Amino acid sequence: LHRIWATRDLATENFRVHVHLEGNKGKSLEPTLSYWCFRPGVAMEILRRQTGCRNILLTSGTLSPMESFACELSLPFQIRLENPHVIE
């Protein structure tokens, strides 16, 4: 975590650390560390820059509407395959 907060960059502007106590089925409270990203496009940009990743395959039954999903990830999808919903 130190590397992320060492400079003000995309990560420090868009990620937050949250520490809270969480109980688990009658057991005592235990501290939980969460690392939250509030802009998924930032995470995708960091992934692209740090790994040199050129292709990403996203699959899910809940990525609709695709236009808003692409906007959230800040990624232009050059190829898209969207099938109609199978449950009516």
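The rules behind each value
Residues numbered from 1 in each chain as written. Predicted model: local features only at pLDDT ≥ 70, side-chain atom pairs only at ≥ 80, totals over all residues. Heavy atoms only, no water. Core = buried A, V, L, I, M, F, W, Y, C linked by side-chain atoms within 4.5 Å. Buried < 20%, exposed > 50% of the residue type's maximum accessible area, 1.4 Å probe, protein only. Helix = DSSP H or I, 4+ residues; strand = E, 2+ residues; numbered from the N terminus. Contact = heavy atoms within 4.5 Å. Expected span 1.5 Å × (residues − 1). Phe/Tyr/Trp six-rings, centres within 6.5 Å; stacked < 30°, edge-to-face > 60°. Arc of directions from axis to C-beta. pLDDT = per-residue confidence, 0-100.

## Here we look at the nonpolar core
No. 1: Of all hydrophobic cores here, the largest spans five residues; its members are M44, L63, M66, F69 and L73.
No. 2: Here this core gets three residues from one element, more than from any other, and that element is helix α4 (residues 66-73).
No. 3: For L73, the residues in contact, after removing those within four places along its chain, are P40, G41, M44 and L58.

## Concerning helix α3 (residues 40-51)
No. 1: A rise of 1.5 Å per residue sets the reference length of α3, with its 12 residues, at 16 Å; its end C-alpha atoms lie 16 Å apart and thus fit the reference within 8%.
No. 2: Within α3 the residues assigned to the buried category are G41, V42, M44 and I46.
No. 3: Of the residues flanking the end of α3, it is G52, one or two places downstream, whose phi is positive at about 70°.

## Description of the environment of Y35
No. 1: Assignment of secondary structure puts Y35 in strand β2 (residues 30-37).
No. 2: Sequence-wise, Y35 and V17 are 18 residues apart; in three dimensions their C-alpha atoms are separated by 4.7 Å.

## Observations concerning the packing of aromatic side chains
No. 1: Inspection of the entire model under this criterion finds one aromatic pair.
No. 2: Measuring from centroid to centroid gives 6.4 Å for W36 and F38, while their planes differ by 90°, and the two rings are edge-to-face.
No. 3: Relative accessible area serves as the criterion here: at 54%, F38 is assigned to the exposed category.

## Remarks on α4
No. 1: Of the residues making up α4, those classed as buried are M66, F69, A70 and L73. Each buried residue of α4 lies within a common arc of 100° when the element is viewed along its axis, so the set occupies one face. Facing away from the buried surface of α4 by more than 90 degrees, the exposed residues are E67 and C71.
No. 2: Considering only its buried residues, α4 is in contact with α3.
No. 3: The positive-phi residue at the C-terminal boundary of α4 is S74, with phi of around 55°.

## Here we look at the confidence of the model for the protein chain
No. 1: Scored by pLDDT, the protein chain has a mean of 76; 83% of the residues are at 70 or more.
No. 2: For the protein chain, per-element mean pLDDT is lowest for helix α1 (residues 2-5), which scores 47, and highest for β2, which scores 86.

## Examining the side chain of S34
No. 1: Within the element layout of this structure, S34 appears in strand β2.
No. 2: A relative accessible area of 13% places S34 in the buried class.
No. 3: Contacts of S34, omitting those with residues within four sequence positions, involve R16, V17, H18 and H20.

## Focus on the environment of V17
No. 1: The residue V17 is located in strand β1 (residues 15-22) in this model.
No. 2: Separated by 20 residues in the primary sequence, V17 and C37 place their C-alpha atoms 9.0 Å from one another.

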